[in-house]
Amino acid sequence: MRIFGVILAGGQGRRMGGADKGMLPLAGRPLVSHVLERLEPQVERVAISANGVAGRFALGVPVLADQGGAGPLAGICAALDWAAPLGATAVLSVPVDAPFLPGDLCPRLCLAAETAPEGLAIAQAGGRDHPTFGLWPVALLEPLRAFLASGAKPKVMDFARAHGAVAAAFADALAFENLNTPEDLARAETLLRGPQA
């Protein structure tokens, strides 16, 4: 299997006052760089799905424009479209505001995907599904494109359920925590910096 990765950075950051979440500083570096550092060792290649000026990331990975307003599924679709002609089997998606994502996310989703009818797996932790942390086979590109074009409200779980997604259970719910507010960012800063002397 050839697994590529995508960091979903197309959100509008409303609860962060409209900030570009990926570029928010966390422990002296942009948030996106923390996510990239955890994702990169797990996959063959990585891209960032985002709108706006691609050059702002300057991280040496491709930046894919998604269909604005269609949410995370548009970013996943853009990633599948990028990965398919490069020979990828599947794309591992993670959100840009999850700097604690697990180091074993990819192998555990791959293991779960073996039992899924269409090879689609999502993460589950703390009693909740976390579908933006998912393994998306490139074979789902056309069905996903059709789903986005159908005018349906593009909910990740609706598409995932319709294609027989299975869940991989993780014990550490903190690993899937999204930094949605300035308070969340401050807590993450404290966790990363550790106790101050």
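In what follows, the structure referred to is the one given above.
Structural notes, computed from the coordinates.

About the thresholds
- Throughout, residues of each chain are indexed from 1 in the direction in which the sequence is written.
- Note on the predicted model: pLDDT of at least 70 is required for a residue's local features to be given, and 80 or more for side-chain atom pairs to be given and counted; whole-chain, interface and lining totals, by contrast, use all residues.
- Working from all heavy atoms in the structure, the side-chain values ignore hydrogens and water.
- In this analysis, axes come from line fits to C-alpha atoms, helices being fitted only over the stretch in contact, and the angle between any two N-to-C directions falls in the range 0 to 180 degrees.
- Only DSSP runs of H or I covering at least 4 residues are called helices, and only runs of E covering at least 2 are called strands; the numbering of each starts at the N terminus.
- Helix crossings get a hand from a simple test, with the near helix turned counterclockwise from the far one by less than a right angle marking a left-handed crossing and a clockwise turn marking a right-handed one.
- When checking whether two residues touch, look at their non-hydrogen atoms; a contact exists if any pair is within 4.5 Å.
- Any carboxyl oxygen of Asp or Glu within 4 Å of a side-chain nitrogen of Lys or Arg constitutes a salt bridge here.
- The buried label goes to any residue with under 20% of its type's maximum accessible area, the exposed label to any with over 50%, and the partly exposed label to all in between, with areas taken from a 1.4 Å probe on protein chains only.
- A helix is expected to reach a length of 1.5 Å times the quantity of its residues less one.
- Within 3.5 Å is the distance limit for a polar contact, defined as a pair of N or O atoms, with the added protein rule that one can donate a hydrogen and the other accept it, and that residues adjacent in sequence qualify only through two side-chain atoms.
- Only buried residues count toward a nonpolar core. Its members are Ala, Val, Leu, Ile, Met, Phe, Trp, Tyr and Cys residues joined through side-chain atoms within 4.5 Å.
- In this analysis, strands are considered paired if DSSP registers two or more bridges between them.

With that out of the way, let us pick up the packing of helix α2 (residues 72-83) against helix α4 (residues 141-149). Closest axis-to-axis distance for the α2/α4 pair is 10 Å, and the angle between their directions is 145°. Crossing geometry of α2 relative to α4 is assigned as left-handed. When α2 is examined against α4, the residues L73, A74, I76, C77, L80 and D81 are found in contact with a partner set consisting of L141, L144, R145, F147 and L148.

Before going further, it helps to spend a moment on the pattern of salt bridges. Under the counting rule described, the total for this entry stands at six salt bridges. The salt bridge involving R145 is made with D81; its shortest N-O contact spans 3.3 Å. Here D81 lies in helix α2 and R145 lies in helix α4, a separation of 64 residues in the sequence. The exposure class assigned to R145 is partly exposed, which follows from its relative accessible area of 33%. Residues R108 and D104 are paired through a salt bridge, measuring 3.6 Å at the closest nitrogen-oxygen approach. Since its relative accessible area comes to 31%, D104 is described here as partly exposed.

With 12 residues, α2 should reach 16 Å at 1.5 Å per residue; the first-to-last C-alpha distance of 16 Å fits that figure. Among the 12 residues that make up α2, 10 are buried, leaving the element largely enclosed by the rest of the structure.

Inspection of the secondary structure assignment puts K21 in the loop between β1 (3-8) and β2 (25-26). Among the residues examined, K21 registers a relative accessible area of 14% and is labelled buried. Within the local environment of K21, its side chain forms a polar contact with the side chain of D97, the two groups lying 2.5 Å apart.

This next bit is on the nonpolar core. Grouped together as the largest cluster of nonpolar side chains are 36 residues, with contacts concentrated most on I7, L92 and L105. Within the residue set of this core, elements represented by two or more residues are β1, α1 (31-39), β4 (46-49), β6 (90-95), α3 (105-113), β7 (121-125), β8 (128-137) and β9 (166-170). Take this core: its biggest share by element is six residues, from α3. Sequence-distant contacts of L105, that is, excluding residues within four places in its chain, are made with Q42, L92, V94, A123, F133, F170 and F176. Membership of the second largest hydrophobic core comes to 30 residues, among which are V91, L120, L148 and M157.

Turning our eyes to something else, we now look at the sheet that holds β7. Here we have seven strands laid out as an open sheet, ordered β5-β4-β1-β6-β8-β7-β9, and mixed in their pairing. Bordering the open sheet on either side are β5 (63-64) and β9, each of which pairs with just one other strand. Bridge analysis of β1 against β6 gives six bridges, and the strand direction is parallel. If you follow F4 over to β6, its bridge partner there is V91. Against the sheet, α1 touches β1, β4 and β6, its axis set at about 165° to β1.

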